[in-house]
Structure formats: C-alpha cells, structure tokens
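What follows is the residue order along each chain.
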Amino acid sequence: MFKCEFPDEGVVPPNFDEGVDSDVLITYLRDLDGFTGSQIEICHEPPMDVNNLIQLVNPVDTNLVPTSPQGPPARTNLEGVFKFKAEIDSTHTRKKKYLYSHRLNRIYVDVNVNFSVGFTWDASLFPGEAYIRATTVFSDVTQAEKRVERCYQHSHETANSPGKSRATIMNVLHSAREHGSPDVHYCGNPEQPDSWYSVLVRTPRPTQLAYVFLCKSSCSSGINRRPIEIIFTLEDFKGEIYGRQVVGARVCSCPRRDIDRDECVEGLPKNKRLAPQQETRPKKVKTEAVEKDDGVIKLPAIGVVGRRTAILGLEVMLNMMEEKREGLVANRLSTDTTSVIHNLDKSIANLKKHINQLKGQQQ
C-alpha cells in the first residue's frame, strides 16, 4: 500500500489500471514541482488472511449462549415456521431400558439410564447455529410455579465431584455427554428461585441427542412423586424461541410396570407386544434375594451433628424402603410378603413422623 502527499500539479500520472510498481511511482512523484523524496512512504503490509476476513464479516463467538429463562416457561407445542419436532421412536424402546407411550406422550426411564430424542427442523432456513434447550417442569398446574431440583441425597453425591457448578449439580436432567463438553451448557441460578434449571446443547443441524435423569420421581426431597414434563425448545444464540414441544416423563425402577398401569388408568389397552409372564420372571430372583434382608432392625440412640444431616439420612432410608415396598407389592411372591409390607408401612410412617418433626424444628 502507498501513502503519499504531493501538490496538485499538471504532471500526467501513470495508468494505475495497468498496475504500477514502486519504482515507476517514485519517478512520477519526483517529476512533480515541490515534491521531495522524504514525502514518499511505502508501506508493505501482508495480505489479510481469508479466514480472518470471514470472521470480520460473520463473527462467531463460541461463548455466546442463550441466557437462562426467568419464570415458568411456556408449555404449548409450537412447530413454528421451521417445523420443529422432538420425537422418540417407540418401536425400538421396548428392547432398551426405557419405554415410551405414544398414547400418553410420556417416557418411562430408570435413573442414570440414557434415552435419546430426535430433533428435526428446516435447517436450510434457520438463521445460524441452533440450540436445543431441555427444561424439566412439574406438569400439575398447582406445582407449575415451582422449579424442579435434585434431591438432597443425589445432589450431595454430585457436589463432591470437582469442577461442577451449582447449576450443574441441581439440574435433574443432564446431557449424556461428558461433563465439560464445549457445546453443552447447564443453565439456572440457584440463588434466584425464578431462574429455571435447564440443559442447553448447541448443534449446527438436526440431530439425535441423549439425556439422562439423575433423580427418581420418588425422591422425597426432590420431585417427590409429582408428575413432570420436559419442554424442548429450538433457540438461537439470543434465546429467541422458534419451536417448542412438551413430553411427559416418569423416572422409575420398573418402567414396564408403570407404563402398563398408567395406560390402564387412562382406559387404554395394554400393548400387544408385551409378554408379561415371560418378562417378569427374572424379577422374582432379584426380589427373593432382597427378601433375605427384611428383618426389623432397632437402631441405637445415637447423636447426629447437624439437623440437615439427620433429615438427609432419614430421607435416604425412607426412599429405600418405599422402593422396596413398591417391588414387593408388584410381585407378591409369597404369603410372607404381606408381613414384610406391614413392617415396611410401620417403619415408613415412623420415619415420616420423625422427618416432619425435624423439619418443623428448622422453622
């Protein structure tokens, strides 16, 4: 690049359209009256990298992610102009560890088990990279103003893992990708009750994403048996929502049992593909092994430091006994099961009483 200063004289300039090297230009400038060589400054600048030029025209900041939504999210399905859809293929889930009821629009999955969701939209018209947000909410209208959080027990286990933010720890739904993946973001501010927890995944095109629940629906200090839903939204980097789809969810130990029960309650026939007699037999072996440890144990009077620690310990025992009772009621292997269930009912009622007393002392 040439920078020069010279008076406006009548010297005929060279034809710049044909290309001029520096020697020709210097000779031309020296023929001008009142111009000295000191006024010539030739600057040689390296050519701009094409990639840098593209960055200037279309900057990409990988740190730009949609902000965490405030307040209860909208729950109405929205395909939008990009025809957004979230789909779970129910034809193959029976062979896996999660089930999906198309008639109830609800997924049944055990804790710490991955389940996949397919997302489609018209990527040819979408403005830039897309973000898929998954937000877990309570489906009951009376609970809609409360955000879903992990229980004391499971959040305490994750809290001991280094490098995880509080938002990551309290999110009940996680991406199946490894923690620290650059395209996965856990949103929500624990200090702001109106900041909803969600997991956000950046994707350049329609894709399949895998998720995992880290708490059960029966966790007494978390979901606490309240029905939940997952709201999937298609967003851009500014958080503008272009599509939305809601799917019900239940996190349980026996997905097949619960899906059959819920469909019967709704008056729907059982799926003909099921073969309950053959498929429930292996469960008997598991339950019989557990029944060997069904005696009532009297705990000694011990002191526990911290009311929260005491409540958490009792809630862990309560959760385990409630799950054991569910398994016994579902299988009913022998007449001895009735007495075990009776003992469990007494212990569960007793634990709930002491937990409520301790919580009352906190207030």
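An unreviewed UniProt entry lists the protein chain under the name p53 DNA-binding domain-containing protein, from Pieris macdunnoughi. As its UniProt record puts it under Subcellular location (unreviewed entry), the protein chain is described as follows: "Nucleus". In the Sequence similarities (unreviewed entry) part of its UniProt record, the protein chain is described as follows: "Belongs to the p53 family."

## Overview of the UniProt feature "binding site: Zn(2+)" (unreviewed entry) in the protein chain
Mapped onto this numbering, the UniProt entry gives "binding site: Zn(2+)" (unreviewed entry) at C151, H154, C215 and C219. Separation in sequence by 69 residues is not matched in space for these annotated residues, since their most distant C-alpha atoms are only 9.0 Å apart. Apart from residues no more than four positions distant in its own chain, C215 is found in contact with V111, R150, C151, H154, V172 and V251. Note on placement: C219 falls in the loop between β11 (207-213) and β12 (228-235). What makes C219 buried here is its relative accessible area of 1%. Here C219 is in contact with C151, H154, N224 and N319, once residues within four sequence places are set aside.

## Structural notes on unusual backbone geometry
One non-glycine residue, K83, lies in the positive phi region at around 55°. With respect to the helices, strands and loops of the structure, K83 is situated in the loop between α2 (50-57) and β3 (85-87).

## Some words on the nonpolar core
The biggest cluster of nonpolar side chains holds 40 residues, and the ones touching the most others in it are F115, F119, W121, L173, Y211, F213 and F232. Formed by 13 residues, the second largest nonpolar core is a distinct cluster that contains A310, I311, L318 and L351.

## Brief notes about the sheet that holds strand β8 (residues 173-175)
Within a sheet, each strand pairs with its neighbour through backbone hydrogen bonds, oriented either parallel or antiparallel. Overall, antiparallel pairing links the four strands, which are arranged β3-β6-β11-β8 in an open sheet. Either end of the sheet is taken by a strand with one partner, and the two such strands are β3 and β8. Along the sheet, successive strands turn relative to each other by an average axial angle of 35°, direction set aside. Across three bridges, β8 lies against β11 in antiparallel orientation.

## Re the packing of aromatic side chains
Any two aromatic rings considered together are summarised by their centre-to-centre distance and by the angle between their planes. In total, this model carries nine aromatic pairs according to the counting rule given. With a centroid separation of 5.2 Å and 65° between ring planes, the pair formed by F82 and F126 is classed as edge-to-face. With F82 in the loop between α2 and β3 and F126 in the loop between β6 (115-120) and β7 (130-138), this pair connects stretches of sequence that are 44 residues apart. Given the relative accessible area of 7%, F82 is considered buried. Each ring, one from F119 and one from F232, has its centre 5.2 Å from the other, and the planes form 70°; the classification is edge-to-face. One end of the pair, F119, is in strand β6; the other, F232, is in strand β12, with 113 residues separating them in the sequence. Overall, the relative accessible area of 1% leaves F119 in the buried class. By the ring-pair criterion, three or more aromatic residues cluster together here, those being F84, Y98, F115, F119, Y211, F213 and F232.

## Let's talk about a nonpolar patch on the surface
A cluster of nonpolar side chains, contributed by I297, L299 and M317, occupies part of the molecular surface with about 330 Å² of accessible area. Its location among the elements puts I297 in the loop between α6 (276-291) and α7 (307-331).

## Topic: the pattern of salt bridges
Tallied over the full model, the rule gives 15 salt bridges. Linked by salt bridges that have partners in common, R106, R250, R257, D258, R261 and D262 make up one network.

## Notes on the confidence of the model for the protein chain
Per-residue confidence for the protein chain averages 77 on the pLDDT scale, and 70% of its residues sit at or above 70. This stretch, residues 1-9, has a pLDDT under 50; its non-local contacts, to residues over four places away or in other chains, come to 23 contacts.

## Let's talk about the sheet that holds β12
Here seven strands make up an open sheet; going across it, the order is β4-β5-β13-β12-β7-β10-β9 and the pairing mixed. Every other strand in the sheet has two partners, leaving β4 (98-101) and β9 (184-187) as the edge strands with one partner each. Here the strands of the sheet are splayed against their neighbours by 25° on average, with no regard to which way each runs. Looking at chain direction, β7 and strand β10 (residues 198-203) are connected through five bridges and run antiparallel. Bridge pairing in β10 links A134 to V199.

## Digging into the environment of E326
Summarising the element assignment, E326 is placed in helix α7. By relative accessible area, E326 is classed as partly exposed at 25%. Separated by 73 residues in sequence, E326 and S253 place their C-alpha atoms 9.3 Å apart.

Cut-offs applied
- Note on numbering: residues in each chain are counted from 1, in written sequence order.
- Owing to the predicted nature of the model, reporting of local features is limited to residues with pLDDT of at least 70; listing and counting of side-chain atom pairs is limited to 80 or more, with chain, interface and lining totals taken over all residues.
- As a convention, hydrogens and water are excluded, and side-chain values are obtained from all of the structure's heavy atoms.
- UniProt positions are given in the numbering used here, feature names are shortened, and annotations may be inferred rather than shown by experiment.
- It only takes one pair of heavy atoms within 4.5 Å for two residues to be counted as in contact.
- Helix and strand definitions follow DSSP, with helices as H or I runs of at least four residues and strands as E runs of at least two, each counted in order from the N terminus.
- Under the scheme applied here, a residue whose accessible area is under 20% of the maximum for its type counts as buried, over 50% as exposed, and between as partly exposed, the area being computed with a 1.4 Å probe on protein chains only.
- Buried residues of nine kinds, namely Ala, Val, Leu, Ile, Met, Phe, Trp, Tyr and Cys, make up a nonpolar core once their side-chain atoms join them within 4.5 Å.
- Strands pair, by our definition, only if DSSP identifies at least two bridges between them.
- Every angle, taken between N-to-C directions, lies between 0 and 180 degrees, and every axis is a line fitted to C-alpha atoms, over only the stretch in contact when it is a helix.
- Ring geometry is summarised as follows: Phe, Tyr and Trp rings, the Trp one being its six-membered ring, pair when their centres sit within 6.5 Å, and such pairs are stacked at plane angles under 30 degrees, edge-to-face over 60 and tilted between the two.
- For patch building, the residue pool is restricted to those with more than 30% relative accessible area and no salt bridge; the joining distance is 9 Å between like charges and 5 Å between nonpolar side chains (Val, Leu, Ile, Met, Phe, Trp, Tyr).
- With residues, only the protein chains shown are counted as cover, and all accessible areas are computed by Shrake-Rupley using a 1.4 Å probe.
- We define a salt bridge as a side-chain nitrogen of Lys or Arg found within 4 Å of a carboxyl oxygen belonging to Asp or Glu.
- Per residue, pLDDT measures the predictor's confidence, with a range of 0 to 100.

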